[in-house]
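Each chain is listed here by its residues.
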Amino acid sequence: MMSARPRVLISRSALPAGIEPIKAVCDVWIWPGDDPIPAEEFMKRAAGVTAILCQSSDIINKDLLDAAGPSLKVVGTMSVGLEHIDLDECQRRGIKVGHCPNVPNDAVAELTIALLLSAARGLKEGYACTSREETRENALFLCGHEVAGSTVGIVGLGRIGMAVARRLNSFNVTKFLYTGNSQKSFAEEVKAEFVSFDKLLEDSDFVIACCSINPNNEGLFNKTAFKKMKKSAIFVNVSRGVLVNQEDLIEALTTGEIYGAGLDVTVPEPLPPDSPLRSLNNCLVTPHLGSSSLKAANAMVSLTVRNILAGIRGENLPGAVR
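Residues numbered from 1 in each chain as written. Predicted model: local features only at pLDDT ≥ 70, side-chain atom pairs only at ≥ 80, totals over all residues. Heavy atoms only, no water.

**Side note on the overall build of the protein chain**
For the protein chain, the helix and strand inventory stands at 12 helices and 12 strands. Taking 20 Å as the expected radius of gyration for a compact globule of 322 residues, we find that the protein chain reaches 22 Å, a close match to that expectation. Reported as C-alpha extents along the three principal axes, the dimensions of the protein chain are approximately 80 × 50 × 30 Å. Partitioning the intrachain contacts of the protein chain with sequence separation of at least 6 by distance along the chain shows that 60% fall at a separation of at least 24. (Helix = DSSP H or I, 4+ residues; strand = E, 2+ residues; numbered from the N terminus. Rg over C-alpha atoms; globule rule 2.2 N^0.38 Å. Contact = heavy atoms within 4.5 Å.)

Here it is in structure tokens:
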């Protein structure tokens, strides 16, 4: 006899503790591998489930939804971004979708600061020098840039952008600039000035991409944008890789069009072993670690579990997609 309990598919084995509430009332199958579940296996295991708990690397498209069938009530993703989910198709089928808005804001902001400081002070090249046991050659050996006295431009002054600005404010930044769809009243907290995208590029010592992704800003940071930046400028991207034309960025970094870059997001992820971004001394790449803190991960599991259980019960999701 088949169990009458709801069936839940969890696409990743390496989850923090916290899924016990689902196990208490549902039959749960968890992908045992360390890598993302293969598409064919995902569709096979999705057949007949009530809920899917996934991550940003798991594609929830029409084929997967067809494989799951009419029993699927809710998809809960342990992410803020929703690019991997076909929201229109879920809505058409009456499938609720929950995500984790605002949960990793502090974690992403902290990593942004780490990338910015590392790129500004050339820590990647400095570490390489220690590995080669190189010594200081002259007074200007590996001299980088300070944040104090600088102008910081933030593209997308949302919750993460403001969290970054608040932290950088303690570094004695001279001026904050921001650009986006509209002026923000809360920008006054850090005395940030609303400017055009071009002016932000031209005046900023540090350019930080924190904006959400839409069809209008894919490839926003391209050859034209990098040419408008100062040659001493440092570019940091913690948004999505598609925001950047990577070939143009490689050229800008190689030719000295800009000083350096810190990237937590790329296309694809992970980068191929032969990508020049890996080998450039003035480019530090991390593997999408923005939300990878224990505190954030546990909070995202907790919210996703609550989203899943609420969807199974037919209730409103606490992290519902608006």
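**Here's the deal with the pairing of strand β1 (residues 7–10)**
As judged from the four bridges shared by β1 and strand β2 (residues 27–30), these two strands associate in the parallel manner. Following the sheet pairing, Leu9 is matched in β2 by Trp29. Since β1 and β2 lie parallel, the crossover through helix α1 (residues 20–25) that links them has a hand, and here it is right-handed. Inspection of the sheet shows β1 paired to strand β3 (residues 51–54) by three bridges, in the parallel sense. The residue of β3 that forms the bridge with Val8 is Ala51. (Pairing = 2+ DSSP bridges. Right-handed = clockwise from strand over helix to strand, strands pointing away.)

**Description of unusual backbone geometry**
Following Val267, the chain continues into Pro268 via a peptide bond in cis, with omega recorded as -5 degrees. Across the junction of Glu269 and Pro270, the peptide omega takes the value -5 degrees, indicating a cis bond. As for its placement among the helices and strands, Pro270 is situated in the loop between β11 (260–263) and α11 (276–279).

**Topic: the side chain of Asp248**
Note on placement: Asp248 falls in helix α10 (residues 246–255). No salt bridge is formed by the buried Asp248; its nearest oppositely charged neighbour, Lys223, is found at 4.8 Å. A polar atom in the side chain of Asp248 sits 2.8 Å from the backbone nitrogen of Lys223. In contact with Asp248, other than residues within four places in its own chain, are Asn222, Lys223 and Phe226. (Buried < 20%, exposed > 50% of the residue type's maximum accessible area, 1.4 Å probe, protein only. Lys, Arg positive; Asp, Glu negative; His and termini not counted. Salt bridge = Lys/Arg side-chain N within 4 Å of Asp/Glu carboxyl O. Polar contact = N/O pair within 3.5 Å; in protein donor to acceptor, adjacent residues only side chain to side chain.)

**Remarks on the pattern of salt bridges**
Where charged atoms of side chains with opposite charge meet at close range, the side chains can pair. Considering all chains together, one arrives at 15 salt bridges under this definition. Residue Asp205 pairs with Lys230 through a salt bridge whose shortest N-O separation is 2.9 Å. Here Asp205, found in the loop between α8 (197–203) and β9 (206–209), pairs with Lys230, found in the loop between α9 (223–228) and β10 (234–237); they are 25 residues apart in sequence, far enough to count as distant. Classification of Asp205 as buried rests on a relative accessible area of 19%. Judged by its relative accessible area of 28%, Lys230 falls in the partly exposed class. Across the salt bridge formed by Glu257 and Lys231, the nearest N and O atoms sit 3.8 Å from each other. Taken as a pair, Glu257 in the loop between α10 and β11 and Lys231 in the loop between α9 and β10 lie far apart in primary sequence, 26 residues in all. You can call Glu257 buried: its relative accessible area is 17%.

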